[in-house]
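Residue-level listing of the chains:
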Amino acid sequence: MATLYVTEQGARIEKEYRRLLVAKHDDVLLAVPLGRVSEVVLVGRVGATTPALLMLLDEGIPLSFVSRTGKLRGRLTPPSPKNLPLRHAQYDRARDPDFCLAVGRAIVDGKLRNSRALAYRIRRYRPQACGERRRTIAADWLARIERAVESVAQADDLDTLRGIEGAAAKAYFQVLRGALRPEMTFKKRTRRPPRDPANSLLSLGYTLLTQNLMTACEVVGLDPYDGFFHADKYGRPALALDLVEEFRGPVVDSVVQLVINKRVVGPGDFEAGPKGGIYLSDRGLRKFLRQYTRRLNTEILHPYYGRRLTYQRVFEVQARLLAKTIRGELDKYHPFRVR
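Residues numbered from 1 in each chain as written. Predicted model: local features only at pLDDT ≥ 70, side-chain atom pairs only at ≥ 80, totals over all residues. Heavy atoms only, no water.

**Student:** Honestly, helix α2 (residues 84–94) in this entry has me stumped. Any pointers?
**Tutor:** Because each turn of an α-helix spans 3.6 residues, side chains separated by three or four positions in sequence point in the same direction. For α2, the set of buried residues is L86, R87 and Q90. Each buried residue of α2 sits inside an arc of 95° when the element is viewed along its axis, so together they form one side. Buried residues belonging to α2 abut α6 (197–220), α7 (238–244) and α10 (311–327). (Buried < 20%, exposed > 50% of the residue type's maximum accessible area, 1.4 Å probe, protein only. Helix = DSSP H or I, 4+ residues; strand = E, 2+ residues; numbered from the N terminus. Arc of directions from axis to C-beta. Contact = heavy atoms within 4.5 Å.)

Printed below as a string of structure tokens:
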């Protein structure tokens, strides 16, 4: 099953028997069997009829509302009475500093190793992205990522671990920016608001990825708001963000590289938005979501189970591995790692 993204401004989703219809005025733009949908994301000015909302609730399919600028406006999910013992165990584990540190180390180790793999791939396959001096600088950033990977196991508290992760992320983004077409790259990571096309794509991608991992947590029975690595903050889905870390590079960053370097999107696909931000136009948004959806449906060998699964399926598998760790069925959490 897949995520249904609806981006046509002024459209609405309707119910027709066991199908979801995307309609605008009197025209049906898309008809999707309900059995093929795992979640629905409405982007911008997109509505839904009451029968469609009730059908999604009855089927346990979450619905997210995301603004055109990539901000989550809210989620509609059915009640979650199942797996109460798992949630009790999750809350107890979240108060255990040793457990939080162990899971945090695993998460950061997985993220940094995936970042390192992508960074080396960039250096290997895009040597034309920089001259000799830039290659020397890139080697320095790669060395910083390597040192960060080696430091994870020695971190003795979460603050230290977060510092290691932050320093490695800074180095990684320097490598990533050198891999993008010069007219579409970024100077530094900017978020609220994104100041250039590349940052706009990254921010949107990370927002969508967070929604995917929130859904995976809810399907398994975990509370997406009570995490182990990310600090608890009102309204922040800390556990979903914990799981997001492993997939930033393999999913979002890879899609951003593709759409920029393959010229799927260009400067003309962006427009100025609130507070000086730069955001995708309607046309650009459709192009990006098409590639993002393809990435979610791409099969990859899962390192723990040794089977090929789509990324969308891997999200749920990782949530289940974390649930097993919380219940004590596994001695440690096994993060997702690309080769």
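**Student:** What is the right way to read the sheet that holds strand β7 (residues 63–66) from this model?
**Tutor:** One open sheet accounts for four strands, arranged β1-β5-β7-β8; its pairing is mixed. Pairing within the sheet leaves two strands with one partner each, and these edge strands are β1 (2–6) and β8 (72–76). Shown here is a sheet whose adjacent strand axes are inclined to one another by a mean of 20°, direction ignored. Examined bridge by bridge, β1 and strand β5 (residues 37–43) share five bridges and lie parallel to one another. Bridging from a neighbouring strand, T3 pairs with E39 of β5. Set on the sheet, α6 makes contact with β1, β5, β7 and β8; between it and β8 the angle comes to about 20°. (Pairing = 2+ DSSP bridges. Axes fitted to C-alpha atoms, helices over the stretch in contact; angles between N-to-C directions.)

**Student:** Explain the side chain of D196 to me, please; I cannot follow it from the model alone.
**Tutor:** Inspection of the secondary structure assignment puts D196 in the loop between α5 (158–178) and α6. Despite its burial, D196 remains without a salt bridge, the nearest opposite charge being carried by R189 at 7.0 Å. Beyond its immediate stretch of four places on either side in the chain, D196 contacts T185, F186, K188, T190 and I278. (Lys, Arg positive; Asp, Glu negative; His and termini not counted. Salt bridge = Lys/Arg side-chain N within 4 Å of Asp/Glu carboxyl O.)

Just geometry here; none of it tells us what the structure is for.
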